[in-house]
Amino acid sequence: MHVFVTGATGFVGSAVVRELIGAGHTVTGLCRSEEKAAGLKAAGAEALYGTLDDLDTLSSAAAAADGVIHLAFSSPTNDFSNFEGALALDLRAVQAIGVALEGSGKPFITTGHPHENGHTVDDAVLAMAERDIRASIVTLAPTVHGEGDRAFVPKLINIAREKGFVAYIGDGSNRWPAVHRLDAAVLYRLALESAPAGSQLLAAGDVGIPFREIAEVIGRQLNVPTVSITPEEAAAHFGFLGPIAAFDIAGVFNTAQASQATRELLDWKPVQPGLIADLEKGHYFT
């Protein structure tokens with residue numbers, strides 16, 4: 001297929017582009033700058049200049065492609081303090097692509113995000129299955145890891161460096177799902193190729209790692225103590241990550257069952273190192 005990919009130069013998107021090309025597909029990737037375009041071209045993809053604000057560009061690129069993978073997510077001003085604005089922009093982009101694909105039977109793969117006022121972009125995507133679009137949603141585990149990660153785990157490491165110890169809350173038994181970026185890229189490709197319309201998929205290689213285990217490997221790598229703190233101390237220690245660091249994500253969202261269903265539906269088999277093994281490699285600490 002010829003695939004139009006938004007967010008093609010991001011942490012996950014760049015892996016998806018390489019996965020698609022490696023499987024024989026061709027790719028046009030949305031990007032904002034010549035520097036980003038150079039990276040796409042080096043990977044063997046075509047570059048299309050534009051942003052999520054450029055609805056005409058999104059629509060025409062989607063119509064010209066055999067399928068679309070939507071990974072981009074940004075606020076109108078690229079300022080993530082305006083999260084509601086980012087969600088609204090995402091919905092407009094999804095709707096524009098949906099109009100272009102309507103009646104085509106083409107695949108449209110998106111990444112799940114909540115939307116304001118109780119509505120979700122996911123709802124809009126799933127409704128497209130009734131308009132002859134093979135739409136499906138990939139929900140990424142909260143921790144997508146691998147070289148180049150700049151999200152939750154690097155923030156935990158930076159906090160530990162600043163504080164001089166690694167913390168977990170209570171007994172640290174609350175569980176975080178995780179997925180390697182390369183395994184996630186395979187799932188996006190499989191969804192593009194064969195996911196039934198209306199599929200809701202979970203990219204989780206590790207379905208639930210006790211937070212204490214994550215803290216302990218960070219402590220070993222930094223050679224600092226690992227300490228239990230109370231829920232009341234979490235906000236001061238973790239900042240905005242406090243609620244996440246205390247949350248049993250795997251239990252609340254039943255990630256084991258959702259991940260198993262995804263694996264069975266698409267024969268997805270994560271093969272990359274899990275989060276703990278990835279942390280033990282040391283690249284997060286150099």
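What counts and what doesn't
- Residues numbered from 1 in each chain as written.
- Predicted model: local features only at pLDDT ≥ 70, side-chain atom pairs only at ≥ 80, totals over all residues.
- Heavy atoms only, no water.
- Helix = DSSP H or I, 4+ residues; strand = E, 2+ residues; numbered from the N terminus.
- Buried < 20%, exposed > 50% of the residue type's maximum accessible area, 1.4 Å probe, protein only.
- Core = buried A, V, L, I, M, F, W, Y, C linked by side-chain atoms within 4.5 Å.
- Contact = heavy atoms within 4.5 Å.
- Patch = residues over 30% accessible without salt bridge, like charges linked within 9 Å, V, L, I, M, F, W, Y side chains within 5 Å.
- Areas by Shrake-Rupley, 256 points an atom, 1.4 Å probe, with all protein chains shown as cover.
- Salt bridge = Lys/Arg side-chain N within 4 Å of Asp/Glu carboxyl O.
- Arc of directions from axis to C-beta.
- Phe/Tyr/Trp six-rings, centres within 6.5 Å; stacked < 30°, edge-to-face > 60°.
- pLDDT = per-residue confidence, 0-100.
- Pairing = 2+ DSSP bridges.
- Axes fitted to C-alpha atoms, helices over the stretch in contact; angles between N-to-C directions.
- Parallel < 35°, antiparallel > 145°, perpendicular 65-115°, else oblique.
- Nonpolar A, V, L, I, M, F, W, Y, C, P; charged D, E, K, R; others polar.
- Polar contact = N/O pair within 3.5 Å; in protein donor to acceptor, adjacent residues only side chain to side chain.

*Asks:* Would you take a moment to explain unusual backbone geometry for this structure?
*Replies:* Leaving glycine aside, a negative phi is the common case for residues, and trans is the common case for peptide bonds. Not every positive phi belongs to a glycine, and Asn223 is a case in point at roughly 60°. For Asn223, the position within the fold is in the loop between α8 (211-222) and β12 (226-229). Its identity is not glycine, yet Asn254 carries a phi of approximately 50°, on the positive side. Its place among the elements puts Asn254 in the loop between α11 (249-252) and α12 (255-266). When its relative accessible area of 38% is taken as the criterion, Asn254 is described as partly exposed.

*Asks:* Looking at this structure, how should I read the nonpolar core?
*Replies:* Side chains that are nonpolar tend, in soluble globular proteins, to be buried together. Counting residues in each nonpolar core, the largest one holds 35 residues, and the members touching the most others are Val5, Val16, Val17, Leu20, Ile69, Val138 and Tyr188. Secondary structure elements with two or more residues in this core: β1 (2-6), α1 (13-22), β2 (26-31), α2 (34-43), α7 (181-194) and β10 (199-203). Setting aside residues no more than four positions away along its own chain, Leu20 makes contact with Val3, Val5, His25, Val27, Ile69, Arg189 and Leu192. Listed in part, the 28 residues of the second largest apolar core include Ala178, Leu222, Ala245 and Leu275.

*Asks:* What am I meant to see in a nonpolar patch on the surface here?
*Replies:* A surface patch of nonpolar side chains, about 300 Å² in accessible area, is lined by Phe247, Val252 and Phe253. Relative to the helices and strands, Phe247 resides in the loop between α10 (242-246) and α11. Overall, the relative accessible area of 35% leaves Phe247 in the partly exposed class.

*Asks:* Help me understand α2, please; the structure alone is not making it clear to me.
*Replies:* Owing to its 3.6 residues per turn, the α-helix brings residues three or four apart onto one side. Considered for burial, the residues of α2 that qualify are Ala37, Leu40 and Ala43. Buried positions in α2, seen along its axis, are confined to an arc of 120° and lie on one side of it. In α2, the exposed positions angled more than 90 degrees off the buried face are occupied by Glu34, Glu35, Lys41 and Ala42. Here the buried face of α2 lies against α1, β2 and β3 (46-49).

*Asks:* I'm lost on the packing of aromatic side chains in this one. Help?
*Replies:* Aromatic ring pairs are described here by two measures, namely the spacing of the ring centres and the angle between the planes. For the structure on display, the rule yields 4 aromatic pairs. Here the aromatic rings of Phe247 and Phe253 are separated by 6.2 Å at their centres, their planes lie at 80°, and the arrangement is edge-to-face. The class for Phe253 is exposed, based on a relative accessible area of 55%. Among the aromatic residues, those joined into a ring-pair cluster are Phe152, Trp176, Phe211 and Phe238.

*Asks:* What am I meant to see in the confidence of the model for the protein here?
*Replies:* Keep in mind that low pLDDT regions are not for reading the predicted coordinates in detail. Residues at a pLDDT of 70 or more form 95% of the protein, whose mean pLDDT is 93. Under a pLDDT of 50 for its full length, residues 75-80 has, in the predicted model, 12 contacts with residues more than four places off or in other chains.

*Asks:* Any chance you could explain the environment of Leu30 here in plain terms?
*Replies:* With respect to the helices and strands, the residue Leu30 is situated in strand β2. Excluding its chain neighbours within four sequence positions, the residues that come into contact with Leu30 are Phe4, Val5, Thr6, Gly7, Ala8, Leu48, Tyr49, Gly50, Thr51, Leu52, Thr57 and Leu58.

*Asks:* Teacher, can you tell me more about the sheet that holds strand β11 (residues 206-210) here?
*Replies:* Strands in a sheet are paired, the pairing made by backbone hydrogen bonds, and the direction either parallel or antiparallel. The 3 strands lie next to each other as β7-β9-β11, forming an open sheet whose pairing is mixed. Where the open sheet ends on each side, the last strands, each with one partner, are β7 (143-145) and β11. Across this sheet, the average inter-strand angle for adjacent strands is 40°, counted without regard to direction. Summarising the sheet, strand β9 (residues 175-180) and β11 pair through 3 bridges and their orientation is antiparallel. Across the sheet, residue Arg175 finds its bridge partner in β11, namely Pro210. Contacts from α8 reach β9 and β11, with the element oriented near 70° to β11.

*Asks:* Is there a simple way to think about the packing of helix α6 (residues 152-163) against helix α9 (residues 231-238) in this case?
*Replies:* The relative placement of two packed helices is expressed as an angle between their axes plus a distance between the axes. Relative to each other, α6 and α9 sit at 95°, their axes nearing to 11 Å. In terms of their interaxial angle, α6 and α9 are classed as roughly perpendicular. Of the residues in α9, those in contact with Leu156, Ile159 and Lys163 of α6 are Ala236, His237 and Phe238. Looking at the contact of α6 with α9 residue by residue, the class counts come to 4 nonpolar, 1 polar and 1 charged.

*Asks:* Can you help me understand the side chain of His180 in this one?
*Replies:* By the secondary structure assignment, His180 is in strand β9. Looking at His180, the relative accessible area reads 8%, which means it is buried. A polar contact of 3.1 Å, which involves the side chain of His180, links it to the backbone nitrogen of Leu182. Once residues lying within four places of it in the same chain are set aside, the contact partners of His180 are His145, Gly146, Gln272, Pro273 and Asp278.

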